[in-house]
Amino acid sequence: MEDLALRKAVRQGTTELPAILADLWHLTGTRLAGMSEAERNTPTQHGRVTWTARRGLRRMLEHGWEHFKGLSQRLELPTA
C-alpha cells in the first residue's frame, strides 16, 4: 500500500489493523534502507524539537521496546 493510501486507511479504519501494520513496517523499512548517510543526519525542526531520521529510528525502536516491556509485565514474563 502506498504512503497516502496507508494513511487514509488508518484514519478511516477501512483495513484491518494487522494488515496496515505489516504495510507500515514494509514502507518504513524500504524508506530507511534507501536513506543516504546525509539524509539520516539532516536535522529537521518539529515544533521546539530538532529531529534526525537517526533519532526517529531510535525512538521507533524504543517505542517498540516500551510496549514489549509493558506486555511482558502484564503477562509476568521476564524482559531481560
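To start, this report covers the structure provided alongside it. Being a predicted model, the structure only gives us computed values, none of them experimental.

Now for the packing of aromatic side chains. Each aromatic ring pair is described using two quantities: the centre-to-centre distance and the angle formed by the ring planes. Evaluated as defined, the whole model comprises 1 aromatic pair. Seen from the ring of Trp 51, Arg 55 lies directly overhead, with NZ or CZ sitting 4.4 Å from the centre.

Another aspect to go through is unusual backbone geometry. Although it is not a glycine, Glu 76 adopts a positive phi angle of roughly 60°. On the secondary structure map, Glu 76 appears in the segment after α4 (53-74).

This part is about the layout of surface pockets. Roughly 380 Å³ of internal volume is contained in the largest pocket. Along the wall of the largest pocket there are 13 residues; nearest its centre are Thr 28, Arg 31, Leu 32, Met 35 and Met 60. Counting residues per element, the ones that place at least two in the lining of the largest pocket are α2 (17-33) and α4. Of the residues forming the lining of the largest pocket, the biggest block, 7 residues, is contributed by α2. Each residue belonging to the lining of the largest pocket can be placed in one class, and the counts come to 9 nonpolar, 2 polar and 2 charged. Looking at the second largest pocket, its volume works out to about 160 Å³. Mapped onto the lining of the second largest pocket, the elements with two or more residues apiece are α2 and α4. Ranked by residues supplied to the lining of the second largest pocket, first place goes to α4 with 4 residues. Residues that form the lining of the second largest pocket fall into these classes: 3 nonpolar, 3 polar and no charged.

Thresholds applied
- Residues numbered from 1 in each chain as written.
- Predicted model: local features only at pLDDT ≥ 70, side-chain atom pairs only at ≥ 80, totals over all residues.
- Heavy atoms only, no water.
- Phe/Tyr/Trp six-rings, centres within 6.5 Å; stacked < 30°, edge-to-face > 60°.
- Lys NZ or Arg CZ within 6 Å of the ring centre and 35° of its normal.
- Helix = DSSP H or I, 4+ residues; strand = E, 2+ residues; numbered from the N terminus.
- 1 Å grid on protein atoms, 1.4 Å probe; cavity = no way out; pocket = protein on both sides within 12 Å on 5 of 7 lines; lining within 4 Å.
- Points joined across faces, edges and corners; volume = space filled by probe spheres on them.
- Nonpolar A, V, L, I, M, F, W, Y, C, P; charged D, E, K, R; others polar.

Purely spatial values, then, with no claim about function.
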